[in-house]
Amino acid sequence: MPDELDELVRHPKTSKPGEPMRSHNKSCFGCGVDSPRGLHLTVHAGEGFTVDARMPVEQWMEGGPGVIHGGILSSAFDDVMGMLPRLIGPPGVTVHLQVDFLAPIPVGKTLHIEASILGKQRRKIYAEAVAHLGDPDRPVARANGVFVTVDVREHFADHVENSAKAQEYKDRMHRP
Ligand SMILES: CC(C)(COP(=O)(O)OP(=O)(O)OC[C@H]1O[C@@H](n2cnc3c(N)ncnc32)[C@H](O)[C@@H]1OP(=O)(O)O)[C@@H](O)C(=O)NCCC(=O)NCCS
Ligand SMILES: CCCCCCCCCCCCCCCC(=O)O
């Protein structure tokens, strides 16, 4: 992370501590309520520049026998840290993601993820997260990532047609 960082200011319209964070998109693989095969993460705003999330570790998420697949865990970290930009301004997309796997995560457990903003420089937001199974003193995985804020209309313009919610987005864009 660079030395020279911008001041962090919580956006006045973002979720308040304890309130749910709005999903990236109702069809989002990580947090979308309408995603047919998604992780169904529930994410809440925390104090300061933090969010916390929960995810049931379901049978279909299995990698090694009885434990979560590493790619599913990485996706969960990506999605939860990907909520952080909205605490301070426009949404951001992932440009870098790093995960440390500390202990097996059994199917049937509830995964808890706590994520926080470490710093911001221009459009880059540096984030970290830790996962545990209910005891924050016994982490099972850690991650860090870099997110870059984007103008979503511009960034997704060429792709929104592929969305399951394409019509909804088009209607929203043409609303006065
Ligand atoms: C994010 C994206 C739009 C940025 O492109 P851009 O608008 O042209 O912006 P830049 O390439 O100048 O990057 C912006 C800043 O992020 C930094 N950055 C870009 N990629 C980075 C990476 N992998 N790691 C660290 N920093 C990165 C750049 O160095 C630049 O920093 P600066 O302010 O110090 O100059 C483009 O890289 C992209 O679309 N990536 C794919 C994102 C994605 O699909 N993520 C997965 C789903 S969310
Ligand atoms: C063309 C209009 C688009 C409007 C889109 C609003 C939703 C913005 C969501 C941006 C963040 C996406 C991050 C998803 C998580 C990920 O892939 O890592």
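Let me begin by describing the structure that accompanies this report. Bear in mind that the values here come from a model prediction, so they are computed numbers and not experimental data. (Residues numbered from 1 in each chain as written. Chains lettered and ligands numbered in written order. Predicted model: local features only at pLDDT ≥ 70, side-chain atom pairs only at ≥ 80, totals over all residues. Heavy atoms only, no water.)

Some remarks on the overall build of the chain
Reasoning step 1: When helices and strands are tallied, the chain shows four helices and six strands.
Reasoning step 2: Principal-axis analysis of the C-alpha atoms gives the chain an extent of 50 × 40 × 30 Å.
Reasoning step 3: Looking at the chain as a whole, 39% of its 176 residues are labelled buried.
Reasoning step 4: Within the chain, counting contacts between residues at least 6 apart in sequence, those at least 24 apart form 62% of the total.
Reasoning step 5: When the accessible surface of the chain is split by element, carbon and sulfur atoms take 51% of a total near 10200 Å².
Reasoning step 6: One way to put it: in the chain the 20 positive side-chain charges average out to a point 5 Å from where the 23 negative ones average out. (Helix = DSSP H or I, 4+ residues; strand = E, 2+ residues; numbered from the N terminus. Buried < 20%, exposed > 50% of the residue type's maximum accessible area, 1.4 Å probe, protein only. Contact = heavy atoms within 4.5 Å. Areas by Shrake-Rupley, 256 points an atom, 1.4 Å probe, with all protein chains shown as cover. Lys, Arg positive; Asp, Glu negative; His and termini not counted. Charge placed at Lys NZ, Arg CZ, Asp CG, Glu CD.)

Considerations on the site of ligand 1
Reasoning step 1: Close contacts around ligand 1 come from Val93, Thr94, Val95, His96, Arg122, Arg123, Lys124, Val148 and His155, and that covers them all.
Reasoning step 2: Within the backbone of Val95, an N or O atom sits 2.9 Å from a nitrogen atom of ligand 1.
Reasoning step 3: One of the side-chain nitrogen or oxygen atoms of Arg122 is found 2.9 Å away from an oxygen atom of ligand 1.
Reasoning step 4: Surface burial for ligand 1 is 45%, taken as the share of its 950 Å² of free accessible area covered by protein chains.
Reasoning step 5: Residue contributions to the shell around ligand 1 peak at four residues, all from strand E3 (residues 92-101). (Near = heavy atom within 4 Å. Polar contact = N/O pair within 3.5 Å; in protein donor to acceptor, adjacent residues only side chain to side chain.)

Focus on the pairing of strand E2 (residues 50-56)
Reasoning step 1: Only one face of E2 is covered, namely the one carrying Val51, Ala53 and Met55; the face carrying Thr50, Asp52, Arg54 and Pro56 has none of its residues buried.
Reasoning step 2: Pairing between strand E1 (residues 42-45) and E2: four bridges, direction antiparallel. Looking at E2, one finds that Ala45 is bridged to Val51.
Reasoning step 3: Where E1 folds back on E2, the antiparallel hairpin that results is connected by four residues, among which Gly48 adopts a positive phi of roughly 60 degrees.
Reasoning step 4: Inspection of the sheet shows E2 paired to strand E4 (residues 110-121) by seven bridges, in the antiparallel sense. Residue pairing in the sheet places Arg54 in a bridge with His112 of E4. (Pairing = 2+ DSSP bridges.)

Observations concerning helix H1 (residues 70-81)
Reasoning step 1: With 12 residues, H1 extends 17 Å from end C-alpha to end C-alpha; this agrees with the ideal 16 Å at 1.5 Å per step.
Reasoning step 2: Among the structural elements, E2, helix H2 (85-88), E3, E4, strand E5 (124-132) and strand E6 (139-149) are those in contact with the buried residues of H1. (Expected span 1.5 Å × (residues − 1).)

Nothing here speaks to function; it is geometry throughout.
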